[in-house]
Amino acid sequence: TWLLGQITTETLATQFQIDVEDSKTITPRRNEAIEKALEFAGIDSTAGVQHGKLHAFLTCIDTFFESLRSAILSNHNPAVPSPDPVFTAMRQNFDFYDYSIFNPILPLMEDDNQSATAVEERDSCKVLSKEDMTKLTNEHARSLEEALENIAKSTPSDQSPNAFACSERMLMLLSFDMLELMSSYSKSVSYIESMMESQLIAAIGKRLESDDIDKFTTFHNARLLQKAPNQFSHAIRQPEHYPVGLVSIEDNTGDRKCIQTHSRIVNASSTVKLPLAAATILELAGDQVLHGWMNQRFGTKTASGRIESFELTARARQFSSFILVIGTMNGPSTLEPKDSIIIQNKDEVLIPLLLEELPTAKEFKDAIKSLSPEQQRFAKAYRSMQLESSVFGICVVQIKPQLEALLSLPPNSLDKEMKLTQDLMELFVEYQVPSDLLSYNGATDDVAVEDKVSNVREHVKSVMEVIEGEKEKHLKNAALNTAMSIEKHIQQDFAYSEQRSGLHDVVNGALIDPRPPTMFYKSATAPARRSGAAKLRAPSGGAQKERFRSVQSSAAPVPRMAKMSAVAAASPG
């Protein structure tokens, strides 16, 4: 194990030491030697004691005897008037704090209130001498042997019928002592680390956060680098024109700071292909700028407590528009688009950037060296695919220059035509009007710019009139359909009301019931019908039957309004 590997077999002396010349050694706590020691002991500086190798072994011993003691105490209750002798022995077995075992692990500090000569002599030997270390370890061994001897004297032999034998008590004491040593060692190195951190904070004057490191790197990059990085915030404009928008990459904190990138123009004379579909590929001729961003990581949160993330921000000014395309670069001259959007008239788009960290070449090589040859080839092929698609691409296309070229107009001819530009955007975006219906179709190109713009304006006006006529036609048809639907619903409601009406109508003092006449008076020759004359409920008795026949022969169909009036008059209250 790691613990036994720190002891030389010749002299049985320890060979543990911290390599201060190693680049991985940062502090007396954060170095490879201490990390291995705490890893073997099962101690983590951030989460406290964990179940590691040595700690798990000692904890198993302690848990076993603790559970055994609980089982025995549950069967021998000490609350009885005469305590059981087994319980008395159990209490003696677990009183390990009564044994004063010397703990040799303790951070010793010296004051600086000494003369310069004394400080120089002290700095020449910053750690205790081997003689002093030997005295401390010998004192620990002496006190431990004394405690073991006391256990042997106070405990009967292993053959006696007691809860725990002498060897078991010694094992519990040793495990208890090792846990105490591990805890003291972890607290000591953590104390030294916190003391150095306090001194650094006192020297700087504040606790550094991620924002402070960003300011530090920005300040020193501006001083040390010949070409300092610039903020990724670029105005979208034509030469000698006012900007139509802005594209930037900002963090999501309250300050909305832009990232700092190194940039240079590449492939000035080449074009970038932008495949839109299988049969449509655009070639973009413009400035191609390569940006490099080196981000540092200092903690996971900013001073405000938020997790740091970044957003691609695009803003357009009023009466201005442009197309934003984002994707990945597949090679030096191909942009694979993922999404695109038209930004116009004071729109603001915030696109969160999902950043994924790829391992470095050395980390990747160390990670795959234990894999099989087939797995290594697959991992290398997949990494090459990741590296090829890891370059983030942003393409900005200004709409107004492209409209001028599409409509066969001279450059800058739509600069002052705000309404015409807005109408063209509406026709192309909303109605998908073909450009042939709007472009300049004059007999010759040797005409004034105003005449060409007027020609296009007339085309736009004619198309807009056609669209307005179609809108009016659709509105009239919609109004007619609505009116017919309302009339149909009224007729259906009226027919339904006719079926449900007349439950309490009164005609000549008799009740009219439109439901199926189950007890109506019927003649011997023809059954009673609901159409035509109203049917009266047959009364009982001979004289009343004669009267019923006379009323039935004189009854006539009653109009709907008359029935409703009769119901209103006959209804009580």
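For the structure, see preceding data.
Residues numbered from 1 in each chain as written. Predicted model: local features only at pLDDT ≥ 70, side-chain atom pairs only at ≥ 80, totals over all residues. Heavy atoms only, no water.

**Notes on the overall build of the protein**
Right, so step 1: Summing up its helical and strand segments, the protein has 15 helices and 16 strands in all.
Right, so step 2: Counting over 573 residues, the protein shows a buried share of 26%.
Right, so step 3: Here the contacts in the protein between residues at least 6 apart in sequence split such that 58% fall between residues at least 24 apart. (Helix = DSSP H or I, 4+ residues; strand = E, 2+ residues; numbered from the N terminus. Buried < 20%, exposed > 50% of the residue type's maximum accessible area, 1.4 Å probe, protein only. Contact = heavy atoms within 4.5 Å.)

**Overview of the pairing of strand S12 (residues 335-344)**
Right, so step 1: Strand direction decides the pairing type here: strand S11 (residues 321-329) and S12, joined by nine bridges, are antiparallel. Counterpart to Gly 327 in the pairing with S12 is Pro 337. (Pairing = 2+ DSSP bridges.)

**Digging into unusual backbone geometry**
Right, so step 1: The phi dihedral of Lys 346 falls on the positive side, at around 65°, and the residue is not glycine.
Right, so step 2: With respect to the element layout, Lys 346 can be found in the loop between S12 and strand S13 (348-353).
Right, so step 3: In this structure Lys 346 comes out as exposed when scored by relative accessible area, which is 60%.

**Some thoughts on the sheet that holds S13**
Each strand in a sheet pairs with another by means of backbone hydrogen bonds, the pair being arranged parallel or else antiparallel.
Right, so step 1: Ordered in space as S4-S5-S10-S13, the four strands form an open sheet in which the pairing is antiparallel. Bordering the open sheet on either side are strand S4 (233-236) and S13, each of which pairs with just one other strand. In this sheet, adjacent strand axes meet at a mean angle of 15° when their direction is disregarded.
Right, so step 2: Relative to S13, strand S10 (residues 310-316) runs antiparallel, the two sharing six bridges. Following the sheet pairing, Glu 311 is matched in S13 by Pro 352. (Axes fitted to C-alpha atoms, helices over the stretch in contact; angles between N-to-C directions.)

**Section: the sheet that holds S12**
Right, so step 1: Spatially, the three strands line up as an open sheet ordered S12-S11-S14, and their pairing is antiparallel. Since the sheet does not close on itself, it has two edges, and those belong to S12 and strand S14 (392-398), each with one partner. Adjacent strand axes in the sheet meet at a mean angle of 20° when their direction is disregarded.

**Digging into the pattern of salt bridges**
Right, so step 1: A full pass over the atoms with the stated rule returns 16 salt bridges.
Right, so step 2: Lys 471 is the partner of Glu 468 in a salt bridge, and the nearest nitrogen-oxygen pair spans 4.0 Å. In this pair, Glu 468 and Lys 471 both sit in helix H13 (residues 449-500), three residues apart, roughly one turn of the helix.
Right, so step 3: Owing to a relative accessible area of 36%, Lys 471 belongs among the partly exposed residues under this scheme.
Right, so step 4: Several salt bridges share partner residues, and in doing so they unite Glu 250, Arg 256, Glu 311, Arg 315 and Glu 348 into one network. (Salt bridge = Lys/Arg side-chain N within 4 Å of Asp/Glu carboxyl O.)

**Remarks on the packing of aromatic side chains**
Right, so step 1: Considering all chains together, one arrives at five aromatic pairs under this definition.
Right, so step 2: Ring plane angle 80° and centroid distance 6.0 Å describe the contact between Trp 2 and Phe 16, whose orientation is recorded as edge-to-face. Of this pair, Trp 2 sits in helix H1 (residues 2-5) while Phe 16 sits in the loop between H1 and helix H2 (32-41), placing them 14 residues apart in sequence.
Right, so step 3: According to the relative accessible area criterion, Trp 2 is partly exposed, its value standing at 24%.
Right, so step 4: A relative accessible area of 30% places Phe 16 in the partly exposed class.
Right, so step 5: Geometrically, the ring pair formed by Trp 293 and Phe 310 is edge-to-face, given 4.9 Å between the ring centres and 80° between the ring planes. One end of the pair, Trp 293, is in the loop between strand S9 (289-292) and S10; the other, Phe 310, is in strand S10, with 17 residues separating them in the sequence. (Phe/Tyr/Trp six-rings, centres within 6.5 Å; stacked < 30°, edge-to-face > 60°.)

**A closer look at the environment of Ile 105**
Right, so step 1: Positionally, Ile 105 belongs in the loop between helix H4 (85-93) and helix H5 (116-124).
Right, so step 2: Looking at Ile 105, the relative accessible area reads 25%, which means it is partly exposed.
Right, so step 3: When sequence neighbours within four positions are dropped, the list of residues in contact with Ile 105 reads Leu 181, Ser 184, Tyr 185 and Ser 188.

**Things to note about the environment of Leu 54**
Right, so step 1: Looking at where Leu 54 falls in the secondary structure, it is placed in helix H3 (residues 53-75).
Right, so step 2: The exposure class assigned to Leu 54 is buried, which follows from its relative accessible area of 15%.
Right, so step 3: Remark: the alpha-carbon pair of Leu 54 and Met 178, spanning 124 residues in sequence, is separated by 9.3 Å.
Right, so step 4: Leaving out residues up to four positions away in the same chain, Leu 54 has contacts with Phe 40, Ala 41, Met 178 and Met 182.

**Notes on the packing of helix H9 (residues 361-368) against helix H10 (residues 373-388)**
Right, so step 1: Where H9 contacts H10, the two axes come as close as 10 Å, and the packing angle between them is 155°. Considering their axes alone, H9 and H10 lie roughly antiparallel with respect to each other. Read as a crossing pair, H9 and H10 show a hand that is right-handed. Residues Ala 361, Phe 364 and Ile 368 of H9 form the contact with H10, whose participating residues are Gln 376, Ala 379, Lys 380 and Arg 383.
Right, so step 2: When grouped by side-chain class, the residues that make up the contact of H9 with H10 number four nonpolar, one polar and two charged. (Parallel < 35°, antiparallel > 145°, perpendicular 65-115°, else oblique. Left-handed = near helix turned anticlockwise from the far one by under 90°. Nonpolar A, V, L, I, M, F, W, Y, C, P; charged D, E, K, R; others polar.)

**So, helix H12 (residues 418-429)**
Right, so step 1: Here H12 spans 16 Å end to end across twelve residues, near enough to the 16 Å set by a 1.5 Å rise per residue.
Right, so step 2: The complete set of buried residues in H12 reads Leu 420, Thr 421, Asp 423, Leu 424, Met 425, Leu 427 and Phe 428. (Expected span 1.5 Å × (residues − 1).)

**Points about H2**
Right, so step 1: Where H2 is concerned, the buried positions are Ala 33, Ile 34, Ala 37, Leu 38, Phe 40 and Ala 41. The arc enclosing the buried residues of H2, seen along the axis, measures out at 160°, which places them on a common side.
Right, so step 2: With a side-chain oxygen positioned 3.3 Å from the backbone nitrogen of Ala 33, the residue opening H2 is Asn 31.
Right, so step 3: One or two steps after H2, the chain reaches Gly 42, where phi turns positive at roughly 85°. (Arc of directions from axis to C-beta. Polar contact = N/O pair within 3.5 Å; in protein donor to acceptor, adjacent residues only side chain to side chain.)

**Points about the nonpolar core**
Right, so step 1: The biggest cluster of nonpolar side chains holds 19 residues, and the ones touching the most others in it are Leu 407, Leu 424, Leu 427, Leu 438 and Val 460.
Right, so step 2: Residues contacting Val 460, with those up to four places away along its chain left out, are Leu 420, Asp 423, Leu 424, Leu 427 and Leu 438. (Core = buried A, V, L, I, M, F, W, Y, C linked by side-chain atoms within 4.5 Å.)

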